[in-house]
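Structure at a glance
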There are 2 protein chains.
Amino acid sequence: MEGEIAMEKKKMKVLIIGGVATGPKAAARLRRLNPEAEITIIERGKILSYAGCGMPYYVSGDVLDCQSLSSTSAGVLRDSVFFRNVKDVNVLDRTLARSIDRKNRTVDIVNVETGESDVLPYDKLVLATGGQPIALPIEGAGLNKVFRLYQPEDAIAMREVVAAGNPRTAVIIGGGMIGVEMAEALTRLGLHVKIAEMMPHILPGLFDGEVAAYLTRYIRSQGVDVLTGSRVTEILGDDEGNVTKVITPCAEIPSDIVLIAIGVRPNTKLAQEAGLEIGKTGGIVVNEYLQTSDPDIYAGGDCVENVHLITAEKVFVPLGSTANRHGRVIANNIMGYKEKFKGVLGTGVVKVFDYNVGKTGLTECQAREAGFDAVTTLCPATDNAHYYPTHKPVLLKLIADRKTKKILGLQAVGFGETVKRVDVIATALSFGATVDDLPGLDLGYAPPYSTAVDISAHAANILRNKIEGIAKALTPMQVKGKIDRDEDFIWLDVRTPAEYKKERIEDPRVKLIPLGMFRQRLNELPRDKEIITFCKLSLRGYEAQRILDGEGYPDVKFMDGGLEAWPYGVAGDAASKPSHQESSIRLRAA
Amino acid sequence: MEGEIAMEKKKMKVLIIGGVATGPKAAARLRRLNPEAEITIIERGKILSYAGCGMPYYVSGDVLDCQSLSSTSAGVLRDSVFFRNVKDVNVLDRTLARSIDRKNRTVDIVNVETGESDVLPYDKLVLATGGQPIALPIEGAGLNKVFRLYQPEDAIAMREVVAAGNPRTAVIIGGGMIGVEMAEALTRLGLHVKIAEMMPHILPGLFDGEVAAYLTRYIRSQGVDVLTGSRVTEILGDDEGNVTKVITPCAEIPSDIVLIAIGVRPNTKLAQEAGLEIGKTGGIVVNEYLQTSDPDIYAGGDCVENVHLITAEKVFVPLGSTANRHGRVIANNIMGYKEKFKGVLGTGVVKVFDYNVGKTGLTECQAREAGFDAVTTLCPATDNAHYYPTHKPVLLKLIADRKTKKILGLQAVGFGETVKRVDVIATALSFGATVDDLPGLDLGYAPPYSTAVDISAHAANILRNKIEGIAKALTPMQVKGKIDRDEDFIWLDVRTPAEYKKERIEDPRVKLIPLGMFRQRLNELPRDKEIITFCKLSLRGYEAQRILDGEGYPDVKFMDGGLEAWPYGVAGDAASKPSHQESSIRLRAA
């Protein structure tokens with residue numbers, strides 16, 4: 001591979017604009033491939049090559065020193081001296097790239113501290129200009145103690161204000177990934193946090209409503225107020241310009257600090273002014289080799305759009321992991337390797353207090369929008385063997401295409417190990433796996449790590465049963481719709497009386513026949529009514545549906561996910577706490 | 001799918017011999033597919049449908065009640081009453097199947113308690129007769145307090161003896177998965193444990209030598225003596241028939257209890273006597289529908305052989321997960337679904353104290369035996385972002401085929417999250433992934449869960465570099481070989497002086513030039529000698545190799561896995577403890 005192409009490129013000049021993720025990655029890889037190229041990184045800020053995703057953990061105090069976010073694992077700061085001595089890469093920090101002259105292949109730069117300007121030539125140019133926080137176009141967004149979390153300086157400022165000790169309440173505008181991470185961080189620092197999310201539920205890009213509801217129930221149990229459908233219209237301050245209140249159409253929320261985290265948009269000004277093509281998503285258009293519409297200019301990271309591997313549509317999904325992958329692919333292609341960056345799956349994982357939360361592929365909502373006939377299952381389960389003491393509850397939602405049986409996506413939340421399942425499904429999705437493939441995977445099994453049939457395979461088996469018409473289910477939302485429409489049906493709880501006493505749905509339609517007595521008491525069930533079975537998880541509910549099917553009952557379904565996934569509240573001895581939480585607390589004490 | 005085939009089979013008689021994993025799984029699935037079949041399970045023991053893999057955790061006390069191993073997650077015991085009432089399945093326990101009359105389609109059975117016998121007819125027969133411990137054909141194997149861990153009764157007996165309080169020392173014969181699990185269990189119960197393994201290293205089916213060495217170093221640090229290459233020749237007892245000593249050619253080891261865990265062989269007596277085909281591995285031969293050489297007789301679980309998905313060879317890999325998967329596939333095929341069981345990857349995971357340990361696919365040794373030109377990397381790393389406090393060390397060994405670039409296998413050990421990586425690679429292996437595919441996977445990234453480029457992708461990138469000739473490495477074993485042959489070379493440590501002080505290899509060939517000063521001090525390195533670079537992990541070692549390559553040095557390699565994977569001992573301030581352990585302990589305190 002280091003043949004002809006590489007050799008003639010040895011003396012090339014490579015300019016890289018942006019020194020956070022894609023840029024340094026491309027530079028380092030390029031140097032390893034090409035010892036003689038002249039490589040220069042131009043970075044507007046002072047801090048280079050930092051892990052932006054680590055900023056919430058600096059604010060929370062989990063990360064003690066902000067410098068560690070821009071240090072190697074051996075503890076060496078990746079500053080311009082490091083890049084010079086170790087990587088033989090020039091870094092011009094505090095330097096702004098003002099314009100690109102594509103004809104003459106030069107970039108006009110200016111040092112933002114000294115005002116000195118220069119014009120640098122390039123053979124290949126890499127745009128790694130990143131994203132920038134979406135501005136909130138309302139009154140008061142510029143008040144003191146209204147933060148964004150964009151660069152390390154923001155995190156440092158926020159931590160300083162919190163450390164100074166006066167803020168007691170915080171409003172986070174935006175319930176996305178940064179929003180929920182920061183809700184945890186600020187709560188653990190002793191603040192009372194409210195999340196104001198404009199959409200009907202938090203994390204709308206990651207989750208469908210019922211999964212978001214399960215997560216929201218938990219976040220609330222940690223003391224965070226979650227206000228959904230709440231568009232912030234104004235932020236008020238005092239005479240000194242410090243924030244005091246956040247205003248929504250329904251509420252005035254007193255707040256000592258505010259974080260605006262409503263997302264990121266690609267930073268494309270430079271590209272746009274240079275006449276490079278910008279896509280519908282707002283990101284720079286790149287081909288599969290990450291070349292822009294000018295083949296000598298590459299772009300990667302948060303400033304470009306990506307191809308979604310399932311829909312083949314262009315999407316804007318800014319992530320640190322993608323940015324790093326881009327950097328390497330760009331370096332390889334500059335050196336003539338012809339490596340393709342195939343696309344993304346919209347995978348996202350996030351820690352929210354003690355919940356592990358993640359998604360890959362499409363949500364049900366996204367799948368239907370993309371035209372798929374989505375079949376779904378809500379699958380509450382324990383992440384490893386139920387008899388092993390560390391097992392913890394999780395809720396999976398697996399989605400497939402009814403026609404092709406292809407997996408479309410997974411959502412997973414809970415105390416238990418969800419991220420492993422997200423990664424397994426992300427891997428399977430990359431290879432176009434179907435619901436029939438998943439149960440055939442030879443995944444690792446031992447009681448501390450999984451169940452004999454892993455829950456991802458279990459969820460796939462439920463989807464197979466649904467596609468084949470063996471399992472018939474309604475989602476909790478569909479059942480709630482029937483109740484709201486005052487429909488008549490038998491709502492058959494097949495748990496034990498003890499479980500019923502502990503928590504139950506109080507509704508006149510509910511009838512209790514434990515599964516163990518089911519076959520003997522069938523005569524209590526009329527054949528001319530719709531029957532909706534359920535239990536705690538839906539395993540016994542499904543079993544009951546199959547028994548009734550076998551007995552010739554014409555209209556039987558089970559309620560997907562059982563009580564565990566029922567987000568509309570339960571009664572009973574344990575009803576003060578959501579069941580999934582209560583059981584987890586017990587487990588953690590064990 | 002529930003069409004014609006299913007309907008004509010409704011009244012069929014299905015006999016299942018074996019009530020542990022495959023059998024009950026097949027029965028339950030069959031009942032859900034077919035409400036009218038007559039389903040009978042014949043089980044020799046008293047305890048049904050139990051999680052055999054949970055037995056070490058019953059002995060250790062992690063699992064308080066042995067019944068929980070055979071209970072549903074809702075806490076209901078899966079006994080014969082449960083199978084009758086809930087599953088409508090007959091169970092004949094304490095019953096032995098003595099012979100199969102294939103011509104008349106009957107099975108001759110006898111109740112082992114009452115001696116009553118019977119002849120049961122079948123339309124379809126399922127053999128789920130499991131495995132049985134390999135006997136140790138030596139004197140003393142039958143003494144008191146010499147245990148096997150075969151069925152719940154064994155675990156109960158062992159726990160009783162330990163609870164009675166007198167045993168202080170234990171010898172475990174066999175360093176396989178059960179051996180290391182039980183070493184942990186017994187150590188935590190206060191016993192001093194010695195493992196006697198006949199092969200040159202423990203877990204020979206899971207690991208190559210250097211990975212086993214890394215694990216062994218840790219197991220020893222937990223107080224367990226690991227004796228490899230130790231074939232036990234005799235077990236001695238006292239006048240009362242209680243074990244006292246275990247004898248190997250090199251040692252007499254006093255021991256209060258002994259566990260023989262040298263593996264399992266398929267239980268095929270019944271199948272063999274019925275004239276069914278038995279494979280070279282000793283397991284019952286089944287086709288991809290899990291039919292034996294008699295199409296009306298299915299077999300699954302620990303009594304059959306499987307196809308290895310990489311080599312296409314028949315293998316005997318008895319695992320609870322495979323047994324459960326078999327059960328479902330058998331039921332589907334009995335009902336006419338024509339579902340294929342494609343095969344296994346030899347995936348295995350096991351918890352060893354606080355190490356998470358696993359493997360999927362082939363080891364290097366297995367790969368070479370199978371004729372592959374294996375390219376490998378030893379990759380020590382942290383499992384998540386190094387600045388995030390919960391990160392922990394792991395060692396990965398990834399193996400690929402040089403010609404096709406296909407991934408062949410992964411070994412992973414350490415305090416950190418290794419099982420997720422095993423599952424990701426197992427999934428990728430199932431789809432024939434290459435080293436080029438892995439870095440393209442859109443895996444979940446957040447600092448608590450992974451690094452921006454996941455370590456599995458990082459390992460794949462190293463393999464790509466090796467295949468492409470960019471990275472040139474020697475394994476620690478190869479370097480050790482050179483030293484043993486007294487070869488001359490420069491052994492170039494590129495870490496910082498502080499790291500060197502803390503731990504170092506003491507050898508006259510070693511020369512320290514920190515990477516940060518490397519480009520300035522190149523003149524200190526002769527061009528006519530072989531140079532082998534290394535650092536802690538091998539990242540900087542690789543960087544140094546690339547720099548020297550770029551400078552035209554003709555013979556430079558880095559040492560794979562750096563000091564972290566060097567199993568032959570180090571000197572220095574931290575040398576009393578293996579570095580990976582020391583750093584972990586620090587992390588855990590953080």
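Residues numbered from 1 in each chain as written. Chains lettered and ligands numbered in written order. Predicted model: local features only at pLDDT ≥ 70, side-chain atom pairs only at ≥ 80, totals over all residues.

1. Examining the overall build of chain A
Put simply, the rule reads: The numbering of helices and of strands both runs from the N terminus, where a helix is a DSSP run of H or I of at least 4 residues and a strand a run of E of at least 2. Computation of the radius of gyration draws on C-alpha atoms, with the globule rule given as 2.2 Å multiplied by the number of residues to the power 0.38. The burial criterion counts other C-beta atoms lying within 10 Å of a residue's C-beta, which is placed from the backbone; the residue is buried at 20 or more, exposed at 12 or fewer, and partly exposed between these limits.
Across its full length, chain A holds 16 helices and 30 strands. Rg of the C-alpha trace for chain A: 27 Å, near the compact-globule value of 25 Å for 590 residues, within the 12% margin. In terms of its C-alpha atoms, chain A occupies a principal-axis envelope of roughly 90 × 65 × 40 Å. Out of the 590 residues belonging to chain A, those deemed buried represent 55%.

2. What to know about the relation of the copies chain B and chain A
Filter applied, for reference: When the copies are superposed, the least-squares fit takes in the C-alpha atoms of residues with a pLDDT of at least 70 in both.
Placing chain B over chain A gives an RMSD of 0.0 Å and needs a rotation angle of 180 degrees, together with 0.0 Å of translation along the axis. What the rotation and shift describe, once combined, is the action of a two-fold rotation axis.

3. Examining the pairing of strand β6 (residues 117-121) of chain A
All names here are of chain A. Operational definition: Strands pair, by our definition, only if DSSP identifies at least two bridges between them.
Little of β6 is tucked away, with zero of its five residues classed as buried. One ladder, built from five bridges, connects strand β5 (residues 106-111) with β6; its direction is antiparallel. Considered in β6, the bridge of I109 is made with D118. If you look at the hairpin formed by β5 and β6, you'll find five residues sitting between the two strands, and G115 has a positive phi there, around 80 degrees.

4. Some thoughts on the pairing of strand β4 (residues 95-101) of chain B
Residues and elements named next belong to chain B. Across six bridges, the pairing between β4 and strand β5 (residues 106-111) is antiparallel. Counterpart to T95 in the pairing with β5 is N111. Here β4 folds back onto β5 in antiparallel fashion, the turn holding four residues, of which R105 has a positive phi close to 50 degrees.

5. Description of unusual backbone geometry
Residues and elements named next belong to chain A. The residue L203 is not glycine, and still its phi comes out positive at about 45 degrees. In this fold, L203 is placed in the loop between β11 (192-196) and α7 (209-221). With 26 C-beta atoms counted inside 10 Å, the residue L203 sits in the buried group. Phi at L290 is positive, roughly 65 degrees, even though this residue is not glycine. Looking at where L290 falls in the secondary structure, it is placed in the loop between α8 (269-273) and β18 (297-299). Looking at L290, the number of C-beta atoms within 10 Å reads 28, which means it is buried.

6. Notes on the interface of chain B and chain A
To keep things clear, this is the line we draw: Contacts are defined on C-beta atoms placed from the backbone: any two residues whose C-beta positions lie within 7 Å are in contact. Amino acid classes used here: Ala, Val, Leu, Ile, Met, Phe, Trp, Tyr, Cys and Pro are nonpolar; Asp, Glu, Lys and Arg are charged; the rest, including Gly, are polar.
Facing the 71 residues of chain B at the interface are 71 residues of chain A. When residues in the side of chain B that touches chain A are grouped by element, the largest group, nine residues, is from helix α11 (residues 419-430) of chain B. For the side of chain B that touches chain A, the class distribution of residues is 37 nonpolar, 19 polar and 15 charged.

7. A short note on the domain arrangement of chain A
All names here are of chain A. For clarity, the cut-off: What counts as a domain boundary in this text is fixed by an automatic or database domain assignment.
Split into domains, chain A comes out as domain 1 (4-130 + 265-334), domain 2 (146-262), domain 3 (354-467) and domain 4 (473-589). Each of domain 2 and domain 3 was reduced to a C-alpha centroid, and the two centroids are 30 Å apart. Across the contact, eight residues belong to domain 2 and 11 residues belong to domain 3. Of the residues that constitute the side of domain 2 that touches domain 3, the class distribution is six nonpolar, no polar and two charged.

8. A few points about helix α15 (residues 539-550) of chain A
Here is the rule: Between the first and last residue of a helix there are one fewer steps than residues, each counted as 1.5 Å, and that sum is the expected span.
Under the 1.5 Å per step criterion, the end-to-end length of α15(A) is 17 Å for 12 residues, consistent within 8% with the ideal 16 Å. Within α15(A), the full set of buried residues consists of L539(A), R540(A), G541(A), Y542(A), E543(A), A544(A), Q545(A), R546(A), I547(A) and L548(A). Considering only its buried residues, α15(A) is in contact with β27 (490-493), β29 (531-534) and β30 (556-559) of chain A together with α2 (22-33) of chain B. Just downstream of α15(A) lies G552(A), where phi reads positive at about 90 degrees.

9. Things to note about the sheet that holds β5(B)
Hydrogen bonds along the backbone pair up the strands of a sheet, which may run parallel or antiparallel. All names here are of chain B. Put simply, the rule is: For helices, the fitted line uses only the C-alpha atoms of the stretch in contact; every axis is such a line through C-alpha atoms, and the angle between N-to-C directions lies from 0 to 180 degrees.
With antiparallel pairing, the three strands of this open sheet are ordered in space as β4-β5-β6. The two strands at the open ends of the sheet, each matched to only one other strand, are β4 and β6 (117-121). Each strand of the sheet is rotated relative to its neighbour by a mean of 25 degrees, with strand direction disregarded.

10. Some remarks on helix α9 (residues 320-334) of chain A
Three or four residues apart is the spacing at which side chains of an α-helix point the same way, because the helix has 3.6 residues per turn. Residues and elements named next belong to chain A. Look at α9: 21 Å from first C-alpha to last across 15 residues, which is about the 21 Å you get at 1.5 Å a residue. Of all the 15 residues making up α9, 15 are buried; the element is thus mostly covered by neighbouring parts of the structure. G336 lies just past α9 and shows a positive phi near 90 degrees.

11. Notes on the sheet that holds strand β21 (residues 348-352) of chain A
Residues and elements named next belong to chain A. Reading across the sheet, the five strands line up as β21-β22-β25-β24-β23 and stay open at both edges, with antiparallel pairing between neighbours. Of all strands in the sheet, those bounded by a partner on one side alone are β21 and β23 (374-382). Each neighbouring strand pair of the sheet contributes to a mean axis angle of 10 degrees, computed without reference to strand direction. Of the strand pairs in this sheet, strand β22 (residues 355-361) and strand β25 (residues 407-414) are connected by six bridges, and their pairing is antiparallel.

12. Remarks on the environment of V162(B)
Residue and element names in this part refer to chain B. Within the secondary structure, V162 sits in helix α5 (residues 152-164). For the pair V162 and I257, spaced 95 residues apart in the sequence, the C-alpha separation amounts to 8.8 Å. Apart from residues no more than four positions distant in its own chain, V162 is found in contact with P167 and L189.

13. Examining the confidence of the model for chain A
Residue and element names in this part refer to chain A. Threshold: Residue-level confidence of the predictor, termed pLDDT, takes values from 0 up to 100.
With 96% of its residues at a pLDDT of 70 or more, chain A shows a mean pLDDT of 93. The low-confidence segment residues 1-7, where pLDDT is below 50, has nine contacts with residues more than four positions distant or belonging to other chains. The low-confidence segment residues 576-590, where pLDDT is below 50, has 19 contacts with residues more than four positions distant or belonging to other chains. Scored as a whole, the predicted complex attains pTM 0.95, and scored at its interfaces, ipTM 0.95.

14. Focus: the packing of helix α11 (residues 419-430) of chain A against α11(B)
Rules: Oblique is the label for any angle not covered by the other classes, which are roughly parallel (under 35 degrees), roughly antiparallel (over 145) and roughly perpendicular (65 to 115). A clockwise turn of the near helix away from the far one marks a right-handed crossing, whereas an anticlockwise turn of less than a right angle marks a left-handed crossing.
Contact pair α11(A) / α11(B): the axes reach a minimum separation of 9 Å and the direction vectors enclose 20 degrees. By the angle between their directions, the pair α11(A) and α11(B) is classed as roughly parallel. Classified by chirality, the crossing of α11(B) by α11(A) is right-handed. Contacts between α11(A) and α11(B) involve V419(A), K420(A), D423(A), V424(A), T427(A) and A428(A) from the former and V419(B), K420(B), D423(B), V424(B), T427(B) and A428(B) from the latter. Taken together, the residues of the contact of α11(A) with α11(B) sort by class into six nonpolar, two polar and four charged.

15. So, the nonpolar core
Rules: One nonpolar core equals one set of buried Ala, Val, Leu, Ile, Met, Phe, Trp, Tyr and Cys residues connected by C-beta atoms within 7 Å.
Judged by nonpolar contacts, the single largest core of 365 residues is most densely connected at L127(A), L215(A), V258(A), L127(B), L215(B) and V258(B). Excluding anything up to four places from it in sequence, V258(B) contacts K145(B), V146(B), F147(B), A170(B), V171(B), I173(B), I235(B), V243(B) and V246(B).

16. Brief notes about the environment of K342(B)
All names here are of chain B. By the secondary structure assignment, K342 is in the loop between α9 (320-334) and β21 (348-352). Of the residues examined, K342 has 15 C-beta atoms within 10 Å and is grouped as partly exposed. The spacing of K342 and D507 is 165 residues in sequence and 51 Å in space, taken between C-alpha atoms.

17. Points about the packing of α2(B) against α9(B)
Residue and element names in this part refer to chain B. Running from amino to carboxyl end, α2 crosses α9 at an angle of 35 degrees, the nearest separation of the two axes being 7 Å. As α2 runs across α9, the sense of the crossing is right-handed. Contacts between α2 and α9 involve T22, G23, K25, A26, R29, L30 and L33 from the former and A323, N324, H326, G327, R328, I330, A331 and I334 from the latter. Of the residues contributing to the contact of α2 with α9, the split by class is seven nonpolar, five polar and three charged.

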